[in-house]
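Structural description and commentary
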Amino acid sequence: ETGVTQSPTHLIKTRGQQVTLRCSSQSGHNTVSWYQQALGQGPQFIFQYYREEENGRGNFPPRFSGLQFPNYSSELNVNALELDDSALYLCASSLARGRGTDTQYFGPGTRLTVL
Amino acid sequence: AQKVTQAQTEISVVEKEDVTLDCVYETRDTTYYLFWYKQPPSGELVFLIRRNSFDEQNEISGRYSWNFQKSTSSFNFTITASQVVDSAVYFCALSEARAGTYKYIFGTGTRLKVLA
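Residues numbered from 1 in each chain as written. Chains lettered and ligands numbered in written order. Predicted model: local features only at pLDDT ≥ 70, side-chain atom pairs only at ≥ 80, totals over all residues. Heavy atoms only, no water.

If you walk through the whole model with that rule in mind, you get eight salt bridges over all chains. The partner of R57 of chain A in a salt bridge is E54 of chain A, with the nearest N and O atoms 3.4 Å apart. A relative accessible area of 30% places R57 of chain A in the partly exposed class. One salt bridge in this structure joins E59 of chain B and R51 of chain B, with 2.8 Å as the shortest N-O distance. A single network of salt bridges, built from pairs that share partners, joins R63, E82 and D85 of chain A. (Salt bridge = Lys/Arg side-chain N within 4 Å of Asp/Glu carboxyl O. Buried < 20%, exposed > 50% of the residue type's maximum accessible area, 1.4 Å probe, protein only.)

Structure, rendered in structure tokens:
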């Protein structure tokens with residue numbers, strides 16, 4: 001196990017609602033990345049947080065937003081849910097060490113279904 | 001543009017057979033990292049290996065081996081003597097350091113089914 005936890009495991013929402021997903025990063029890690037994985041596809045990068053600040057964003061609309069807390073845990077918020085938001089949402093933690101990447105370790109994901 | 005292609009959507013083998021999963025990547029950067037992850041039915045992505053662009057040495061870890069060839073932009077993964085527990089979706093990923101964002105670009109994955 002990686003030590004990265006996510007909650008909830010599953011979630012069902014209706015179109016137009018708002019949702020908050022949570023992630024607890026691995027001990028000692030200060031960077032959290034969020035990915036969306038649609039059925040049968042590879043994960044797509046949503047955004048990354050480093051020391052509580054957004055550190056890059058993928059091609060997702062502003063209704064996808066996030067937070068990182070002083071203990072490096074993180075939230076992903078999605079407003080005005082659409083049917084296409086149904087997916088597995090993965091959180092990954094890593095320790096950024098300046099230039100070059102560190103390995104990202106993934107949590108078990110939250111499966112979101114939008115009806 | 002950065003891109004990772006896993007042309008094999010699904011592979012089925014019989015237990016104890018060897019199997020190779022292909023990964024081809026595109027990048028204009030000279031410094032980049034390549035990864036393989038395993039995704040069992042539970043959904044969690046399990047890290048298998050990381051390779052940087054300056055290290056083309058092949059690697060072996062137990063029944064797993066990886067062949068990195070910059071000349072063909074490929075990073076292939078071979079499982080020797082496959083087992084039923086190897087059944088999963090395998091993802092290849094590329095990471096570049098763009099303006100300090102170390103995002104991963106994933107392929108679409110290869111579903112491996114190992115039959116007893």
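Attention now goes to the side chain of Q39 of chain B. Summarising the element assignment, Q39 of chain B is placed in strand β5 (residues 32-39). Note on Q39 of chain B: relative accessible area 8%, which makes it buried. (Helix = DSSP H or I, 4+ residues; strand = E, 2+ residues; numbered from the N terminus.)

Moving on, we come to the confidence of the model for chain A. Reading predicted coordinates in detail is not appropriate for stretches of low pLDDT. When pLDDT is averaged along chain A, the result is 92, and 94% of the positions lie at 70 or above. Per-element averaging of pLDDT across chain A places strand β6 (residues 53-57) of chain A at the bottom with 89 and strand β11 (residues 110-114) of chain A at the top with 98. (pLDDT = per-residue confidence, 0-100.)

As enumerated under the stated definition, the model contains two disulfides over all chains in all. Here C23 of chain A connects covalently by a disulfide to C91 of chain A, the sulfurs 1.7 Å from one another. Its S-S torsion of about -50° marks the bond between C23 of chain A and C91 of chain A as left-handed, since a negative value means left-handed. Of this pair, C23 of chain A sits in strand β3 (residues 19-24) while C91 of chain A sits in strand β9 (residues 87-94); the two residues are 68 residues apart in sequence, bridging distant segments of the chain. With a relative accessible area of 0%, C91 of chain A lands in the buried category. For C23 of chain B, the disulfide goes to C92 of chain B, at an S-S distance of 2.0 Å. Given an S-S torsion of about -65°, the disulfide between C23 of chain B and C92 of chain B has left-handed geometry. With C23 of chain B in the loop between β3 (19-21) and β4 (24-26) and C92 of chain B in strand β10 (residues 88-96), the pair connects residues that are 69 residues apart, well separated along the chain. For the pair C23 of chain B and C92 of chain B, one class covers both residues: buried. (Disulfide = S-S within 2.5 Å.)

What follows covers the sheet that holds β3 of chain A. All names here are of chain A. Overall, antiparallel pairing links the four strands, which are arranged β1-β3-β8-β7 in an open sheet. Single-partner strands in this sheet number two, and they are β1 (5-7) and β7 (64-68). Pairwise comparison of adjacent strand axes, ignoring direction, gives a mean angle of 20° for this sheet. Two elements, β7 and strand β8 (residues 74-78), share five bridges in a ladder whose sense is antiparallel. By the bridge assignment for β8, Q68 is matched with S74. (Pairing = 2+ DSSP bridges. Axes fitted to C-alpha atoms, helices over the stretch in contact; angles between N-to-C directions.)

Residues and elements named next belong to chain B. A large share of β5 lies buried, amounting to eight of its eight residues. Bridge count for β5 against β10 is eight bridges, and the pairing is antiparallel. Paired with Q39 across the two strands is V89, which belongs to β10. With six bridges connecting them, β5 and strand β6 (residues 46-52) associate as antiparallel partners. Residue pairing across strands places Y33 opposite N52, the latter belonging to β6. Between β5 and β6, which pair antiparallel in sequence order, lie six residues; one of them, G43, sits at a positive phi of approximately 105°.

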